[in-house]
Amino acid sequence: MSKSDRLLSLDVFRGITVAAMILVNNPGSWDAIYPPLEHAHWNGCTPTDLIFPFFLFIVGMSIHFAYQSKLEEGLTKKTFIKILKRTLIIFALGIFLAWFPIFSFDRLSRIRIPGVLQRISLVFFFCSIFYFKTSWLTQLRIVAVFLVGYFLLMALVPVPGVGPASLEPETNLGAWLDRLLLNGHLWSQSKTWDPEGILSTVPAIATGLLGVLAGQLFSKIEKPELRTTWLFFAGAVLILAGLTWGLIFPINKALWTSSYVLYTAGIALQFFACCY
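Engineer: Teacher, can you tell me more about unusual backbone geometry here?
Structural biologist: Both trends apply: most residues other than glycine have a negative phi, and most peptide bonds are in trans. The step from Phe100 to Pro101 runs through a cis peptide bond, and the omega angle for that step is 5 degrees. Locating Pro101 in the fold gives a position in the loop between α3 (77-99) and α4 (105-108). Of note in the backbone geometry, Trp256 takes a positive phi value of approximately 50 degrees without being a glycine. Secondary-structure assignment places Trp256 in the loop between α9 (224-245) and α10 (258-275).

Engineer: It is not clear to me how the packing of aromatic side chains should be interpreted in this structure. Could you clarify?
Structural biologist: Applying the stated rule across the entire model yields 24 aromatic pairs. Seen in terms of ring centroids, Phe125 and Phe126 are 5.3 Å apart; in terms of plane orientation they differ by 85 degrees. Their pairing is edge-to-face. Assessed through its relative accessible area of 34%, Phe126 is described here as partly exposed. Aromatic side chains Trp256 and Tyr260 sit 5.1 Å apart centroid to centroid with 80 degrees between the ring planes, which places their arrangement in the edge-to-face category. Accessibility assignment for this pair places Trp256 and Tyr260 in one class, buried. Across the ring face of Trp256, the terminal group of Arg119 is positioned such that the distance to the ring centre comes to 5.2 Å. The ring centre of Phe218 lies 4.0 Å from the NZ or CZ of Arg227, which sits over that ring.

Engineer: Could you clarify how one ought to interpret helix α2 (residues 51-67) in this entry?
Structural biologist: Side chains three or four residues apart in an α-helix point the same way, a direct result of the helix having 3.6 residues per turn. For α2, spanning 17 residues, the distance from its first C-alpha to its last is 24 Å, which sits close to the expected 24 Å at 1.5 Å a residue. The buried fraction of α2 amounts to 16 of the 17 residues, a majority that puts the element mostly inside the structure.

Engineer: Please clarify how the pattern of salt bridges should be interpreted in this entry.
Structural biologist: A side chain of one charge can pair with a side chain of the opposite charge when the charged atoms of the two come close. In this structure the tally under the stated criterion is 4 salt bridges. Arg112 serves as the salt-bridge partner of Asp194, at 2.7 Å between the closest nitrogen and oxygen. Taken as a pair, Asp194 in the loop between α7 (173-182) and α8 (201-220) and Arg112 in the loop between α4 and α5 (116-133) lie far apart in primary sequence, 82 residues in all. A salt bridge links Lys253 to Glu196, with the nearest nitrogen and oxygen atoms 3.8 Å apart.

Engineer: Would you mind showing me how to read the nonpolar core here?
Structural biologist: The tendency in soluble globular proteins is for nonpolar side chains to be buried side by side. In terms of nonpolar packing, the biggest core is built from 67 residues, with Leu10, Phe13, Phe57, Ile63, Leu210 and Phe272 touching the most fellow members. Among the secondary structure elements, those contributing two or more residues to this core are α1 (8-25), α2, α5, α6 (136-156), α7, α8, α9 and α10. Counting residues per element, this core draws most heavily on α10, at 11 residues. Setting aside residues no more than four positions away along its own chain, Phe13 makes contact with Phe54, Phe57, Ile58, Ala268, Phe271, Phe272 and Cys275. Formed by 5 residues, the second largest nonpolar core is a distinct cluster that contains Val24, Ile33, Leu37 and Phe55.

What counts as what
- Residues numbered from 1 in each chain as written.
- Predicted model: local features only at pLDDT ≥ 70, side-chain atom pairs only at ≥ 80, totals over all residues.
- Heavy atoms only, no water.
- Helix = DSSP H or I, 4+ residues; strand = E, 2+ residues; numbered from the N terminus.
- Phe/Tyr/Trp six-rings, centres within 6.5 Å; stacked < 30°, edge-to-face > 60°.
- Buried < 20%, exposed > 50% of the residue type's maximum accessible area, 1.4 Å probe, protein only.
- Lys NZ or Arg CZ within 6 Å of the ring centre and 35° of its normal.
- Expected span 1.5 Å × (residues − 1).
- Salt bridge = Lys/Arg side-chain N within 4 Å of Asp/Glu carboxyl O.
- Core = buried A, V, L, I, M, F, W, Y, C linked by side-chain atoms within 4.5 Å.
- Contact = heavy atoms within 4.5 Å.

This is the structure in structure tokens:
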């Protein structure tokens, strides 16, 4: 989009999200933090737990507004290389920050591979490809498959070496997969699982795709008042769906549960509508 074509409300949404991120990362004294500025201990969702999914939702919306003019020509080699280059740069920046400020080969051998920027890069890549190669209806179906499939895996599949399916920090299927493939390169505060792990990246992609769909909904409706109405309505439906699903698959940021995806995307939609 050109400078004059930028969607101001999306920039405001992004700016508020960045400001909130700075606030929760610098709350003053770490010994006395206001509860809203802390993550939920495990299940549940505080205002702080909204920041990361808001970023991914914004990534999805930005994909639509940045690439909608290129949809007719499709995913050309030039566009694909641009998407891939951006993905690799964001991923590499995440690895660099995990290595910073002590640059040693010993540290590199146990550097954390998953991370916030790494997840953003993967969500950007897959959502961009889906945007170019599929219709909005197919994207909606992909979201449904990802969320239902993730729920079935986490809630029903036994965890090797542990036993029945579990949703606890170290005994869930995602934690087992992280240890299997990334042992020694996980979150330093746990070392046995990672909040940005491999399996939970699947529903995180769904968060980005919901942002893509929100962008398309916004563009299809011309009247501002109707846009606001539909954004609020769609947000309310997602919030209700997330809360309902949360009764059997708890809202949980660390696991990025399907209920968490719907709940946070619904709030993001309504927040964006307020900015608009």
